[in-house]
Structures are given as C-alpha cells and as structure tokens.
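Residue-level listing of the chains:
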Amino acid sequence: MIPINKRKIGVCILFSIVTFGIYQIYWEYLLVKNTRAIQKDESSCTAEMLCLVFVPFYYLFWWFTRGKIVKDKFAEHGYSSIGNEIAYLILGIFGFSIVSMAIMQNDFNSLKFESTQSIQRSDISPRRRTAMDAENIFEIKGLKKSFGDHEVLKGIDISVDKGEVVSIFGASGSGKSTLLRCINLLEDPTGGEIIYRGNNILDSGFDLRQYRAKVSMVFQQFNLFNNMNVLKNCMIGQIKVLGRSKEEAREKALYYLDKVGMSAYIDARPAQLSGGQKQRVAIARALSMDSEVILFDEPTSALDPEMVGEVLLVMKSLAESGMTMLVVTHEMQFAKDVSSRVIFMDNGVVAEDAPPSTIFNAPKNPRTKEFLYRVLNKDI
C-alpha cells in the first residue's frame, strides 16, 4: 500500500490550482480580446474537466510512484530526484494548459462563427410584409409635453398602421426620444391623446401593464438587469407581467435569442457582452413579450461603429417580418432602405412626414433639406 503523505497531497493540489488558474486566465483573455461572452458547451467543459479531474490524478500518480522510469533517466544526467519531480510537475502544468487552451480556442472560433451565421440566417417570423394591413395601431393627436416652462412637444399628430416601420430623425433636442417615452408612458404627457387600438391610454382605468407588454421599448443604454444572465433577462418580464410558467418563458426566450444570434450566450451576464450583443438581447427580450409594436430609441447610438451593423441587421429582419416599429435613429441609410415612412422633427413639432423616397430625394420643408444637407453632406 502506498503511504498517505499530507505534504505530498498538498503540493499536488497546489500545482493543480496553478494549472486551473492558467486555464481560467486564458479563458478570460479570449473574452476580453474578442469582446465575447461564451456559453460553456461540451468542448469548454472538456477543457475544464481536464483541469479539475485529470490534472490532480496526473500529479498524484507521479508523486506516489516517484516517477521511477523518468527518474532513472534524470539520474543518468546528474539531476536530483527533487529536480526531477519539480521538472515533471512544471511539464505537467504547461502540457495540460496547452491542451486545454487549444480546446478552448477551437470552441471559441466555432461559437463565434455560429453566432455570425445565425444573425445572417435570422428570420424572426415566416410572415413577410408583402401585403400590409391598413389596420390602425396608434393615433396620436395633439400630444404635448413640458418640463417646467420648457415645452418639448408642441402638439404632435402621428398615425401608425400595423406593419409600418416609421423612422424618426432630427436634431438633438427636437423631442424625438421624449415622443417615444410619452408613447410608452415613461413620461406623462401634459396634453393630447394617444389612441392605441381605439382606446386612449391616458384615460383612467386603462390597463397599462398589458399595454407595456404589447408595446415594448429598446433603449440607447440597453437597460438589462446586470444581476441576471441573458436568459433570465428575457424570462423575467414574461413571468412577472404575462404570468407565464418558467418552462414556457424559457422556451420563448430561447427561441428569440436564437433568432437574434444570441443563443450561445444565454449564461453570460450583461457585463460580459459587447454593446451590440446587449442590444440584440434587449430586442430578444422585447420579442419574448409577444410585442406587436417595438419602440427603438436610438438603438445604435451607444455602440462602436463596428457593432452597429449587427443590430441593424436584426432590425431589418424584424421589419421584413411585419413588426410594427417606431425608430428614433441617426442611421439615414437604414431609414431610407427599411422605413415605410420617415418623420423629421424640429423644435418639438413634426416638420415633415413622408415616404423615404420623398424625404431623401425631394423634401418639401426647407428645414428638412437643411438638416439632410448637413448630415449627408450633399444637396438634395
């Protein structure tokens, strides 16, 4: 029987911890370098089990057998048994670290590729906006909002039909974001009406809880719960507001996370995600509520330029699926290519409301023409 030596076991555990530490450091390096948070699948679990299970056995086996074969070879060259043991332990650290790094690198590359492909293949709904309904969703009449003596909205009149994508642009301070926040009642209007499917949402007794479930909002700063992972962020609203079971909420969340290319990141926390990934999670959260209207408040303004494209790609897929969308944006090309209508706001009023072909090629309002000249740097 091999005698138990606590000192030997302690040293083996120490070297095992060092090896596992190297594994964790390299994993974090992959996340930081590539601004990705990767759900651990079978490959990464294999690397982790390699460190947690096989590495200690490797060290223990060596220590208790005293490395008889290799020890004799070291002795031939004048090395002491202690030097032999230390060399073998160090060799084990680097050997297992390299193997686990290779497994993780392969895992990371495959996940990154799959995430990109899933965005490109994304089809939020089989229904296409080929024959658009004329069913009215919103009728906004004389909407006003003041902050103290400062009147931000000065009587807004907008009608939105089912399946329309209405892009709203204008200079900073023109009231674009305030308009969306009033529509979702994050701000209380000081006047006017917001008619949703024939009912004024400002009337007392209106069911705001269900209204906000049907009319979701995607914010500039994502507004995800930092203490929850991606999956739970997409489940919590369904459970609390819609009363769904955890199983049903999970199934719905997984479905839409897959549609926006985020199924590989369900266990990640918001702090581990890039800006583009956070915004895609926010979109999946809105879709999980079975929303029929999504309000986008400058969804790409807080993103690095290279992250903008992945969010716009998801939004374009949503538009093609027939989702009703109101989008405050500075992305003029997106507004031109995807919108049903484009609204230019100036100083708290709707200065122009027209199809994108009119707004971008022959605007009627001189202020619209002036703004587009400054933004696009060309005469219209």
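Residues numbered from 1 in each chain as written. Predicted model: local features only at pLDDT ≥ 70, side-chain atom pairs only at ≥ 80, totals over all residues. Heavy atoms only, no water.

Judged by pairing direction, the sheet is mixed, and its 6 strands sit side by side in the order 6-7-8-3-9-10 without closing on themselves. Of all the strands in the sheet, the pair left with one neighbour each is strand 6 (215-218) and strand 10 (349-354). The average undirected angle you get between the axes of adjacent strands in this sheet is 20°. Here strand 9 (residues 341-346) runs beside strand 10; their pairing, made up of 5 bridges, is antiparallel. Within strand 10, the residue paired with isoleucine 343 across the bridge is aspartate 353. Along the sheet, helix 9 (residues 275-288) makes contact with strand 6 and strand 7 (293-297), crossing strand 6 at roughly 175°. (Pairing = 2+ DSSP bridges. Helix = DSSP H or I, 4+ residues; strand = E, 2+ residues; numbered from the N terminus. Axes fitted to C-alpha atoms, helices over the stretch in contact; angles between N-to-C directions. Contact = heavy atoms within 4.5 Å.)

For the pair helix 7 (residues 230-240) and helix 8 (residues 246-259), interaxial distance at closest approach is 9 Å and the crossing angle is 125°. Overall, the two elements helix 7 and helix 8 adopt an arrangement that is oblique. Between helix 7 and helix 8 lies a crossing of right-handed hand. Contacts between helix 7 and helix 8 involve Val230, Leu231, Cys234, Met235, Gln238 and Ile239 from the first element and Lys246, Glu248, Ala249, Arg250, Lys252, Ala253, Leu254 and Leu257 from the second. (Parallel < 35°, antiparallel > 145°, perpendicular 65-115°, else oblique. Left-handed = near helix turned anticlockwise from the far one by under 90°.)

Of all hydrophobic cores here, the largest spans 41 residues; its most connected members are Leu257, Ile283, Phe296, Met315 and Met325. Those elements giving two or more residues to this core turn out to be helix 7, helix 8, helix 9, strand 7, helix 10 (305-321), strand 8 (324-328) and helix 11 (332-338). Among the elements that take part in this core, helix 10 stands out by supplying 8 residues, more than any other. Not counting residues within four places of it along the chain, the set of residues in contact with methionine 325 comprises Glu164, Val165, Val166, Ile294, Phe296, Met315, Leu318 and Ala319. (Core = buried A, V, L, I, M, F, W, Y, C linked by side-chain atoms within 4.5 Å. Buried < 20%, exposed > 50% of the residue type's maximum accessible area, 1.4 Å probe, protein only.)

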